[in-house]
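What follows is the residue order along each chain.
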Amino acid sequence: MPDNPVAPPKIKAAKKMRDLMTTYYLEALGAAQNNRQVAWITSGGPVEPLVAMDIIPVYPENHGAMIGSAKMGEDLCAKAEDMGYSPDLCAYARSDIACAVVKGGPIGGLPKPDMLICCNNICGTVLKWYEIQARYFQVPLFILDTPVCHTGYTPEIADYVKAQVNEYIAFLEQVTGKKMDPDKMNEVGRLSYEGQRLWQQVLNTTAHKPSPMSAFDAFFFLALIVTLRGTQIAVDFYKELIDELAQRIKDGIGVVPNETFRLLWDNLPVWHRLKWLSDRFSAHQACLVADTYTSAWCSALTHIDENNFLDSMAEAYTRIYLNIGVDQMAQEVLKMIRFYDVNGLVMHSNRSCKPYSFGQMDIMRIVREKTGIPVLMIEADMVDPRYFSESQMETRIDAFMEIVKHKAGRS
Amino acid sequence: MIFAGIDIGSNTAKAALIKDNTLVGTRVMPTGYHHLKAGTRVFEELMQQTGLSRSDIRTVVATGYGRASIDFADKAMTEILCHGAGACFLDPDIRGIIDVGGQDSKAIALDDQGHVDNFAMNDKCAAGTGRFLEVMANALEVALDQMGDVGLTADNPAKISSICTVFAESEVISMIARQEKRENIIAGIHDAAAARVAILAAKIRIRGPIMMTGGVAKNPGMIAALEKRLNQPLIISPYCQETGAIGAAVLASRM
């Protein structure tokens, strides 16, 4: 294995982002004292109406990622299992359910919700998970049901989801006792669109060789487009980040020293092993330049009408990556393979996330047939470290890189 | 010019020497706790056995789980690449490999030139590995090396439905309690393990001719169960256990 060369300078915006996230969580934790309401919402849920109505959105899934990164997943998952939940249940769900009871985790638990907003465009687990939390906290729950678009967006789906968007607004007006301000909604919609457009631009920078940042950085910078989507804060931050990345490109700074191989990642990160994985690939001069996960927060941009956000939102939220057919997912993966010009695909078969992991074998086959690039499948879990075997992972990654190098004629 | 390969597996340490593209000798011993000690000893014993000394060896490649511990090796390479190279050395026509070792099972697909094209490995679970068979052999009080022959005498193979080693063991124990014939239980165990391994082969759609490598390739019961599952004969080399070490030596010769 090659020696570790000098590490490139860190991305400066990371500190600002940490500060912004701290402020966001402090505000959310202090909501009750400031007479503001808190809504828990699923990661792919339509957050813009909440922002427009001055409700603070909080994301149990982002919290789950924090729990994973803080390596606190095992204890919380085990606690949920003690409570009677199956170890086969998603680790975000398990750690959130346990955290609500024991007030554990890196920030001592999320602020108590006043309402729960559940959109099943990301998975079916969230339905039962949010029902459990609605019973536990005794708060109203709104469910937005987005049918899977196997082949496309039919008029029936459009009518069905649009009707629910109207019910959603009515639900919020009833819980808050306030009317929604259409002008404010338009403004938030415009900011959300702008934020997503900028986030896509951030991700696009890694098409450059060498890549100024990696998917591991994207996993981190993602938090803002998830939690502060629809705010000026996210827009301003991503503009700054783009400037910094553009400067890195200009200065020829690559995040992986001597970047020789470029890889694409599929599925959620292994939150508790980010650094380990990053180091392991870097040691092979391989950079994970892009991933299918972080682009989920901008992939539906084409369906959004920035001047008529509320009406176009139904389609945009229904047609996200996890809510389309496997053939379409494979097309997205192939597009990314070409755009980022990668030498290999690393697929994380994620024990927790069934909708993401289901279909990976087919995508793997399609990618191999259409591109011939090597594909690695690794088994792990995004939060629960008990499904991770370090020596097995090492062998797989090393063997995969041996094949990548051989195919690139550099073995 | 002589080249050496050392394969530190979870159960056994193997060493192989090749000269002018022919095998000079191989050696196998238990790995034990200390990877480097095992690697050094198996290497030294093999040199003694072949009447060679360290200065005769041009390059050493280490592989297997303990590959990083072998500090005197010139390079560490994964067992996937080494099994590919080893199988091709033993039989250049090979296009698929099933390797079942102590704690790993894997399927490897080779391209038309005999290079590794793709692979699939078992997940963290031990079902379908040598360890699984060892646990079962203990529960059934049969020597591991006898297990294969005993299983072949089954008249009505039992059905093991558990996919987890721990659960499968309790299933076997309840069969013992029901006084199922030992040979039938063993045949059922082989079939359960073979089913797990066959999934790996299907995952990457390996082509024949297929060679089976690893210590478990010495078990005729497992071979029969796998051949049935894969619907084709398996090629078994007398060096099945040392294939990884041989491949490491082959790769050392190409450095």
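Residues numbered from 1 in each chain as written. Chains lettered and ligands numbered in written order. Predicted model: local features only at pLDDT ≥ 70, side-chain atom pairs only at ≥ 80, totals over all residues. Heavy atoms only, no water.

1. Topic: the overall build of chain A
Broken down by element type, chain A carries 16 helices and eight strands. For chain A, the proportion of its 411 residues judged to be buried stands at 59%. Look at the contacts in chain A between residues 6 or more apart in sequence, and 79% of them connect residues 24 or more apart. Carbon and sulfur atoms make up 52% of the accessible area of chain A, which amounts to about 16,300 Å² in all. When the 41 positive and 49 negative side-chain charges of chain A are each reduced to one mean point, those points stand 4 Å apart. (Helix = DSSP H or I, 4+ residues; strand = E, 2+ residues; numbered from the N terminus. Buried < 20%, exposed > 50% of the residue type's maximum accessible area, 1.4 Å probe, protein only. Contact = heavy atoms within 4.5 Å. Areas by Shrake-Rupley, 256 points an atom, 1.4 Å probe, with all protein chains shown as cover. Lys, Arg positive; Asp, Glu negative; His and termini not counted. Charge placed at Lys NZ, Arg CZ, Asp CG, Glu CD.)

2. A closer look at the packing of helix H5 (residues 91-102) of chain A against helix H6 (residues 125-137) of chain A
Residue and element names in this part refer to chain A. Contact pair H5 / H6: the axes reach a minimum separation of 11 Å and the direction vectors enclose 5 degrees. In terms of orientation, H5 lies roughly parallel with respect to H6. Contacts between H5 and H6 pair Tyr92, Ala93, Asp96, Ile97, Ala100 and Val101 from the former with Thr125, Trp129, Ile132, Gln133, Tyr136 and Phe137 from the latter. (Axes fitted to C-alpha atoms, helices over the stretch in contact; angles between N-to-C directions. Parallel < 35°, antiparallel > 145°, perpendicular 65-115°, else oblique.)

3. Some thoughts on the domain arrangement of chain B
Residue and element names in this part refer to chain B. The assigned domain composition of chain B is domain 1 (1-91 + 240-255) and domain 2 (94-236). Taking only C-alpha atoms, the centre of domain 1 and the centre of domain 2 are 25 Å apart. Taken residue by residue, the interface counts 15 residues in domain 1 and 24 residues in domain 2. Of the roughly 1,600 Å² buried between domain 1 and domain 2, counting both surfaces, carbon and sulfur atoms make up 66%. Across the contact surface, domain 1 and domain 2 share seven residue pairs in polar contact (both at pLDDT 80 or more). The residue makeup of the side of domain 1 that touches domain 2, split by class, is seven nonpolar, six polar and two charged. (Domains from an automatic or database assignment. Buried area = accessible area lost by both parts, 1.4 Å probe. Polar contact = N/O pair within 3.5 Å; in protein donor to acceptor, adjacent residues only side chain to side chain. Nonpolar A, V, L, I, M, F, W, Y, C, P; charged D, E, K, R; others polar.)

4. A short note on the packing of aromatic side chains
Using the criterion set out here, one finds 19 aromatic pairs over all chains in the structure. On the basis of an interplanar angle of 15 degrees and a centroid distance of 5.3 Å, the ring pair of B:Phe43 and B:Phe72 is categorised as stacked. Taken together, the residues span a long stretch of sequence, with B:Phe43 in helix H1 (residues 35-50) and B:Phe72 in the loop between strand S4 (57-64) and strand S5 (75-76) at a distance of 29 residues. Members of the aromatic cluster, connected to one another through ring pairs, are A:Phe216, A:Phe219, A:Trp265, A:Trp271, A:Tyr293 and A:Trp297. Between the NZ or CZ atom of A:Arg273 and the centre of the ring of A:Trp276, over which it lies, the distance is 5.6 Å. (Phe/Tyr/Trp six-rings, centres within 6.5 Å; stacked < 30°, edge-to-face > 60°. Lys NZ or Arg CZ within 6 Å of the ring centre and 35° of its normal.)

5. A short note on the sheet that holds strand S6 (residues 286-291) of chain A
All names here are of chain A. Spatial strand order, S6-S5-S7-S8: four strands in an open sheet with parallel pairing. Of all the strands in the sheet, just S6 and strand S8 (375-380) have a single pairing partner and so form its edges. When strand polarity is set aside, the average angle formed by the axes of neighbouring strands in this sheet is 30 degrees. As paired strands, strand S5 (residues 261-266) and S6 are joined by five bridges and run parallel to one another. Residue phenylalanine 261 lies in a different strand from S6, and its bridge partner there is alanine 286. Its contacts with the sheet put helix H11 (residues 274-282) on S5, S6 and strand S7 (344-350), and the angle it makes with S6 is roughly 125 degrees. (Pairing = 2+ DSSP bridges.)

6. Describing the environment of A:Cys90
All names here are of chain A. In this fold, cysteine 90 is placed in the loop between helix H4 (73-82) and H5. It is 18 Å that separates the C-alpha atoms of cysteine 90 and alanine 134, two residues lying 44 residues apart in sequence. With residues up to four places along the chain from it excluded, the contact list for cysteine 90 reads Thr125, Ser352, Lys354 and Met382.

7. Focus on the side chain of A:Arg248
Residues and elements named next belong to chain A. Looking at the secondary structure, you find arginine 248 in helix H10 (residues 232-250). Despite its burial, arginine 248 remains without a salt bridge, the nearest opposite charge being carried by glutamate 244 at 4.8 Å. In this structure the side chain of arginine 248 is engaged in a polar contact, spanning 3.0 Å, whose partner is the backbone oxygen of proline 212. Here arginine 248 is in contact with Pro9, Lys10, Ile11, Pro212, Ile253 and Val255, once residues within four sequence places are set aside. (Salt bridge = Lys/Arg side-chain N within 4 Å of Asp/Glu carboxyl O.)

8. So, the sheet that holds strand S2 (residues 56-58) of chain A
Residues and elements named next belong to chain A. With parallel pairing, four strands are arranged side by side in an open sheet as S2-S1-S3-S4. Since the sheet does not close on itself, it has two edges, and those belong to S2 and strand S4 (141-144), each with one partner. Adjacent strand axes in the sheet meet at a mean angle of 25 degrees when their direction is disregarded. With three bridges connecting them, strand S1 (residues 38-41) and strand S3 (residues 115-119) associate as parallel partners. By the bridge assignment, alanine 39 is partnered in S3 with methionine 115. Docked against the sheet, helix H7 (residues 155-176) engages S1, S3 and S4, running at close to 165 degrees with respect to S4.

9. Concerning the interface of chain A and chain B
Taken together, the contact pairs 24 residues of chain A with 20 residues of chain B. With both sides pooled, the region where chain A packs onto chain B buries about 1,900 Å², and carbon together with sulfur makes up 52% of that total. Three residues stand out in chain A for area buried against chain B, namely A:Gln392, A:Thr395 and A:Glu402, and they jointly supply 28% of the buried area on that side. The tally of links from chain A across to chain B stands at four salt bridges. Along the contact surface separating chain A from chain B lie seven residue pairs in polar contact (both at pLDDT 80 or more). Those elements that provide at least two residues to the side of chain A that touches chain B are helix H15 (360-371), S8 and helix H16 (390-407) of chain A. When grouped by side-chain class, the residues that make up the side of chain A that touches chain B number ten nonpolar, five polar and nine charged.

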